[in-house]
Amino acid sequence: MSCWYLPFVLFSSRFLRWSCDGGEEKSRPLCFTQQLASWAASPDAMASSHGSSPVPRGGRGGIYRKERDAPPARCRSVRSLPDVCPKEPTGGGRGLCDGPSVVAEHDRWTVYSSKVNLPAALNDPRLAKRESDFFTKTWGLDFAETEVMPSFYLPNITREHFGPYLQETAQKERIHERCKTICPNKDDVDAASSLDASHEKSRAELEQVPKMFMRPEFALEDSATFNSVLPWSHFNSAGGKSSRDVASSKLLQEKLSHYLDVVEVSIARQISLRSEAFFHAMSSQHELQDRLQETQRAVAVLRGRTAAIDRIMCRGPLRALRTALTRNNCARLHNKLKLMAAVHQTQPTVQLLLSTSEFVGALELISTTKEVLQQELQGIHSFRHLGSQLCELEKLIDKMMVEDFSMYARSDLNRSLRDEPLVLEKDRLESLVFGLLRQRKLDFLDIYSDEMIFAAKAIVSQCVAENVLNIEDIDTEVVTKLADQMRLMTFPQLFELLKNIFASFLLFLQRIKATLGVIQGVVLEVLSSNQRLRLLEAGAGSGAAVQEAAPPGPSLPQGEAELAYLTHEGLFISDALNEARQQAAREQSPPEQSRAEAAGGGGGSDSAVTSVSREQSLMSGETAMPTDLELNRVTSNLQELLHTACDVSHDRCVKVLTARAKDGSLERLSSAEFVSLSRAVEAFVGDTEELCSRRSVSLRGALQSQANRFVHRFHDERKTKLSLLMDNERWKQADVPAEFQDLVNSIAGGRIALPERKVPGQEDRKPADFLLVNGQKYAVVGTVLLLIRIFLEYCQCVNDIPSIATDMLTRLSDLLKHFNSRTCQLVLGAGALQVVGLKTITTKNLALASRCLQLVVHYIPVIRSHFETKLQPKQFSVLRHFDHITKDYNDHVAEISAKLVAIMDSLFEKVLSKYEVKAPMPSACFRNVCKQMAKMHEAISDLLPEEQTQMLFLRINGSFKTHLKRQLARLGVVNDGGPQHGLVGVDVAFYTENVQVLKSLDRLDLNMAEIWEQKR
C-alpha cells in the first residue's frame, strides 16, 4: 500500500535531473504547472476500471502499467423484442428486429471509454475538499458528474420533520456553543496555529516565483514569453563565450533552479498534508476493484442465462408476434387498397347516378368519399386532387338539381289539367326536394312560385283561346288581343268563359296543394328524423356502458365497413368490391344480409332504393341537414306559397273582369245577369277559401267595385223610373193586379223576394180595387205598386250579393226619401198641377197620397229587418236611416191630415162668418156646411180606414165648433133659453143629425155643448 506515491517520487527525481542538466534540456519548457497537468492527464496514471488488477505490474521505462484483460469472444447478439406498434416507414432498411436489446451486449467497455480518468478526477483543482462519497456515488458510464433523480419510493424529508428534535436539543446546543467559545480545544488551537504558520511560509516562498510562471496562458512557444524567461540581451550577440556570458548563464540557471525547488517543496508540503486522503482513496480503490470484478462475473453469468432464456423461450413467441403483426399489417394494407379502389370508382359511379337523376345517392357518395379522404386516406398522393374535384362535382349537382326542379315545376304546372294525376312523378319530386334540403338550397320554393305565376297566365290564355274557337262571330286573325276578344263576347259567352277559368284554376290549385303536400311530407320527415337523431345522441351516453358490457357480436372490420359505406345501396363498383361485399354479407347478421341482398338485387323498385338512401342519409350524423328552425320556416313558406297561388288565381280572374269592364259592359248588365255573375264569383271564392284556407280579397274587391258600379246604375235606373212614374202620376186610385197582391201576400208570409215569372197559360185574375195587407185595405196609386216591386228588387239584390248590403241600403233610403219628397212636392206643393196638368188638388188626392205613404211606412220595418240580417253587427248603425225615413213619412201623413182639416177650416170660416140666427130653420148656412161635410166624407171614406176617418172628422168637428162659437159670441147669442138660443139649437141638431148619418160616424161624439160660453 506504500507504492501509491511512487509516480510522484519518480516524477520529482526526473524533474530534478532535468533541471540539473541544463545544457541538454535547454529547449524543454520550464513551466512545471504544464508538466504537472500533462502528468495528471496521462492515460498511464491510475485509472479506475472494472478490469483493473489490484496488483500493479512492471512495464517499460520503469512505469508500472495495469495489464489489460483479453477481450472476450464475441457472440451473436440476441434479437430484441419488436415494437408492437411500429412507426411509419422511413425508407431505411432497418427491420423490426434492429431495435435496442436488453439482453444482447453492446460495444465492450474499456478504460479508454471513460471521458475522465481517476487521477484527473482526484486532483480536480476546483474542489477545495475531497468528496466523502467519491467511491460510493453513482458516476455512470462516462465517469462524469451527473444529476441523480430522487427516488420516488423515499419520502421528501423537510426541515419540518426535524422540528420536534430541534426544539428538544436547542437549549443543549446553545449551552454547547457557549462552552466551545469560552473553552476552545487546545489541539485545535495548536493545529490551527501551525497550519496558519505553514501556509504563511509557503505563501511567502511562492511569492518569490514570478507571476509569469503561474499564468494559465504560459507557453514557451510564445516569443515574448520565451524572451522574458531567457533574456538574450545578457548574452554576447557575436556568438562567443565570454566570462560574463557564462556568469549570467549560471546565475539564470541557479535562479530557475531555486524557483523549481520552491515549487517542489510546496508540492511536497501539499502532498504530505493530503497523504491521509491518498491512503484512504487507494485502499477504497482496491476494494472497489475487487467488488467490480465480482460484479463483472455475476453480470456475465446473468447475461448468459438471459441469452439462453431468449434463445429457448422468447425467440419463437416473438417470431409469432412479428408474423401476426405482419399479417395484420398486410390485411390493413389490403383493406386500404380496396378502399382506394372504391374511392377511385367514385366519379364514374356519381356519373351513373346522375344519369338516372339519383341526386341523393350521388350526394351521399360524394360526402362519404370526402369523409374517407379526410380520415382514412389522408396524405395519399394519388388522391391529392380528388377532394377539389368532388367539391366541384357537388356544385355541379347543386346546379343540376335546381335546373331539374325548375323543369319539373314547369312541366307539372303547364301540363293538361284534366285526366292526369294530381302529382306528377312523386318519387322524382321527393328525391329532388330531399337533395335540395340536404344541400340547404332552401330557396327552391321561389322557383316554384315563379313557374306558378307563368302557369296561371297560361291558363287564362288557354281558356280564352278555347272559348274563342267556339265563337264564330270573333275573327282571331283580325282581333289578336285577348282583352279585345273578351270585349266582343256576349254575356252568356263571357259567363261561360269565366266558369271555365274558375274550374281550371280550381284544378290548378288542387294540383299545387297536392304537390306542396308532398314537399311538406318530405320536410316533416326530415324534421322527425332530426328529432330521432337527437334522441339517439341523448341516449348514446346511457347506452354506452351497456354496449361495452355486452359480448361483442360479429361485425365488419373497419376497412370493410368503410367499403360497405362507400357503396350505393349495396351495389359495389368493381369486382374487388363485389368480393368484399360477399365477404361482409357472410359475416353480417341476418337482417343486414337481407338488407344488402334487397338493395343489391336488380329487381328492386327505384322508390324502395330512394327510400332506403334517404333513410341512411337522414340517420347519418355527418350530413349537414337544415336545422329545425329552418325546416319550420320552409313549412310556413309552403303554406304561404299556397296562399300566393290562391292570390295569383284571383288576380288573373280580376284581370279578366277588368278587361271586360273597361267599356262599361258589366255596368250595363241586368240584375239577373249581374246576380248570376256574382254567384259564380262567390262560389269560386268560397271554393278557393276552403281549398287554400285563405280569404283572398282581390277578386272580392273587384266584384265589389263592379257591384258598386252596378248598384249605382241600378239605383239610377230605378230612381229615374220612379221619377218618371211620379211625374206622370195623376193621383187617382189604381186597380191592383193579382200579381201585386200575390207579391204582398208573399211578403206577409216572410218571403222578401221577387216571385217567379208568370207561367204562360195560367188563369188570369181580375185586378182588385184595393191592396189587402194583413187584412187592411189600401187604396194606392200605380206608382206605389211599382215602388213595392222596386224595393223588393233591392232586397233581392242584397240576397244575391250580400257584400253590397250597405250600399244598397243607402241607395234604397235615398229612393224612399225621393218618393216622399216628390210626393210632397206634387200633392201638398201642388206640383202636379203643372207637371201632370191637374186642375186642382182634391181631398181625394190628398187622402190617396196619405194612404200610399202609410203603405210605405208599413213596409219600412220589414225592409229594415231584412237588411239587418245581411249586415255585420258593426254595420247596424246605417239602419238609423230607416228611423229617419219613418219619421219623415209620418210627418208627411200628419201634414196631409192637417191639410184636409185646413180645407174644411177655411170653408167653415167663410160660411159661418155669414151666419145669422133667424128663421127659417135649419138655416142655409148649416145646410151648406152639412153638404160640404158629406162631400168630404164621400171623398175620403173609401180611401181611409174608419179610425182615421173618425179622427179626421173629430178634428173637423172641433174646427167647426171653434168657428161657430166665435160667430155666436160675435152675435151675442148665449145659452139663456131664449128664442135665439132655440134657433141655434135647431141648427145644431140638424148638423149633428147629418154628420152622424154619415158612414162610420154614427157613434162619433160631437159634444156640441162646447159652442156656448160658460157662465162665470
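Note that this is a predicted model, so its numbers are computed, not measured.

**Q** If you had to explain the overall build of the protein to someone new, which residues and values would you point to?
**A** The secondary structure content of the protein amounts to 31 helices and two strands. In the protein, the share of contacts with a sequence separation of at least 24, taken over all contacts with a separation of at least 6, comes to 78%. Working note: accessible area of the protein is about 59800 Å², and carbon and sulfur atoms make up 55% of it.

**Q** I'd love a proper account of a nonpolar patch on the surface, names of residues and values included.
**A** Together, I157, F162, Y165 and L166 give the surface a local cluster of nonpolar side chains, amounting to about 400 Å² of exposed area. Judged by its relative accessible area of 47%, I157 falls in the partly exposed class.

**Q** Any chance you could break down the pattern of salt bridges for me, citing the residues and the numbers?
**A** Counting across every chain of the model gives 17 salt bridges. A salt bridge links R695 to E689, with the shortest nitrogen-to-oxygen separation between them at 3.5 Å. Close ionic contact of R718 with E793 constitutes a salt bridge, the shortest N to O distance being 2.6 Å. With R718 in helix α22 (residues 698-727) and E793 in helix α24 (residues 782-800), this residue pair connects regions lying 75 residues apart in the sequence. By the burial criterion, R718 is buried, and E793 matches it.

**Q** I'd love a proper account of helix α8 (residues 275-344), names of residues and values included.
**A** Given 3.6 residues per helical turn, the α-helix brings residues three or four places apart onto the same face. For α8, built from 70 residues, the straight-helix expectation of 104 Å at 1.5 Å per residue is missed by more than 12%, its first-to-last C-alpha distance being only 85 Å. Largest kink in α8: about 50°, centred on C314, with the proline P317 one to four residues after it.

**Q** Would you mind going over unusual backbone geometry in detail, with residue names and values included?
**A** Cis geometry is adopted by the peptide bond preceding P920, which originates at A919 and carries an omega value of 0°. With respect to the element layout, P920 can be found in the loop between α28 (880-912) and α29 (924-940). Note that the residue after M921, namely P922, is joined by a cis bond; omega there is -10°. Position of P922 relative to the elements: it lies in the loop between α28 and α29. Positive phi outside glycine occurs at W731, with the angle close to 55°. Checked against the element boundaries, W731 lands in the loop between α22 and α23 (738-748). At S1000, a residue that is not glycine, the phi angle is positive and equals roughly 70°. Structurally, S1000 can be placed in the segment after α31 (979-997).

**Q** Lay out the confidence of the model for the protein in plain terms, naming residues and giving numbers.
**A** Across the protein, the average pLDDT comes to 74, with 72% of residues at 70 or higher. Looking across the protein, the model is least confident in helix α18 (residues 590-600), with a mean pLDDT of 36, and most confident in α28, with 91. Across residues 1-104, where pLDDT falls below 50, the model places 127 contacts with residues more than four positions away in sequence or in other chains. Note on residues 549-578: pLDDT is under 50 here. Beyond four places in sequence and across chains, it has 55 contacts.

**Q** Got a sec to walk through the packing of aromatic side chains? Specific residues and values, please.
**A** Summed over all chains, the structure comprises 14 aromatic pairs. Ring centres of F710 and F714 lie 5.7 Å apart, and the angle between their planes is 35°; this geometry places the pair in the tilted category. Residue F710 and its partner F714 are both found in helix α22; the two are separated by four residues, about one turn of the helix. With a relative accessible area of 0%, F714 lands in the buried category. Against the face of Y778 rests R851, its NZ or CZ located 3.8 Å from the ring centre.

**Q** Run through the nonpolar core, naming residues and quoting values.
**A** Counting residues in hydrophobic clusters, the biggest one holds 193 residues, and the most contacted among them are F508, I788, F867, L964 and Y991. For this core, the element with the highest residue contribution is helix α15 (residues 491-549), accounting for 19 residues. When residues no more than four places from it in sequence are discounted, the contact partners of I788 are L743, I747, L771, L855 and Y859. F218, L230, L252 and V262 belong to the second largest nonpolar core, which has eleven residues in total.

**Q** Summarise the state of the cysteines; cite the residues concerned and give the values.
**A** Under the criterion given, the structure shown has zero disulfides. The thiol of C463 is not disulfide-bonded; the next cysteine sulfur, from C653, is found 9.2 Å away. The buried category is assigned to C653, whose relative accessible area is 1%.

**Q** Just give me the short version of the environment of V856, but keep the residues and values in it.
**A** Topologically, V856 is positioned in helix α27 (residues 843-870). Among the residues examined, V856 registers a relative accessible area of 4% and is labelled buried. In the structure, V856 is positioned 72 residues away from V784 in sequence and 7.9 Å away in space, judged by C-alpha atoms. When residues no more than four places from it in sequence are discounted, the contact partners of V856 are L787, L816, F819 and Y889.

**Q** How would you explain the packing of α29 against helix α30 (residues 946-971) if you had to name every residue and give the values?
**A** Close contact between α29 and α30 brings their axes to 12 Å; oriented N to C, the two are set at 160°. The orientation of α29 relative to α30 falls into the category roughly antiparallel. In this structure, the crossing between α29 and α30 has a hand that is right-handed. Of the residues in α30, those touching α29 at F926, V929, M933, M936, H937 and I940 are T949, L952, F953, I956, F960 and L964. Looking at the contact of α29 with α30 residue by residue, the class counts come to ten nonpolar, two polar and no charged.

**Q** Tell me about the packing of helix α10 (residues 359-375) against helix α12 (residues 426-438), residues and numbers included.
**A** As a packed pair, α10 and α12 sit with axes 8 Å apart at the nearest point and diverge in direction by 30°. Between α10 and α12, the interaxial angle falls into the category roughly parallel. Contacts from F359, V360, L363, E364 and S367 in α10 reach S431, L432, F434, G435 and R438 in α12. Class assignment of the residues belonging to the contact of α10 with α12 gives a composition of five nonpolar, three polar and two charged.

**Q** Give a description of the side chain of S923 that names residues and reports values.
**A** With respect to the helices and strands, S923 occurs in the loop between α28 and α29. A relative accessible area of 6% places S923 in the buried class. Not counting residues within four places of it along the chain, the set of residues in contact with S923 comprises Y915 and D987.

Quick notes on the rules
Residues numbered from 1 in each chain as written. Predicted model: local features only at pLDDT ≥ 70, side-chain atom pairs only at ≥ 80, totals over all residues. Heavy atoms only, no water. Helix = DSSP H or I, 4+ residues; strand = E, 2+ residues; numbered from the N terminus. Contact = heavy atoms within 4.5 Å. Areas by Shrake-Rupley, 256 points an atom, 1.4 Å probe, with all protein chains shown as cover. Patch = residues over 30% accessible without salt bridge, like charges linked within 9 Å, V, L, I, M, F, W, Y side chains within 5 Å. Salt bridge = Lys/Arg side-chain N within 4 Å of Asp/Glu carboxyl O. Buried < 20%, exposed > 50% of the residue type's maximum accessible area, 1.4 Å probe, protein only. Expected span 1.5 Å × (residues − 1). Bend = angle between axes of the 7 residues up to and from the residue. pLDDT = per-residue confidence, 0-100. Phe/Tyr/Trp six-rings, centres within 6.5 Å; stacked < 30°, edge-to-face > 60°. Lys NZ or Arg CZ within 6 Å of the ring centre and 35° of its normal. Core = buried A, V, L, I, M, F, W, Y, C linked by side-chain atoms within 4.5 Å. Disulfide = S-S within 2.5 Å. Axes fitted to C-alpha atoms, helices over the stretch in contact; angles between N-to-C directions. Parallel < 35°, antiparallel > 145°, perpendicular 65-115°, else oblique. Left-handed = near helix turned anticlockwise from the far one by under 90°. Nonpolar A, V, L, I, M, F, W, Y, C, P; charged D, E, K, R; others polar.

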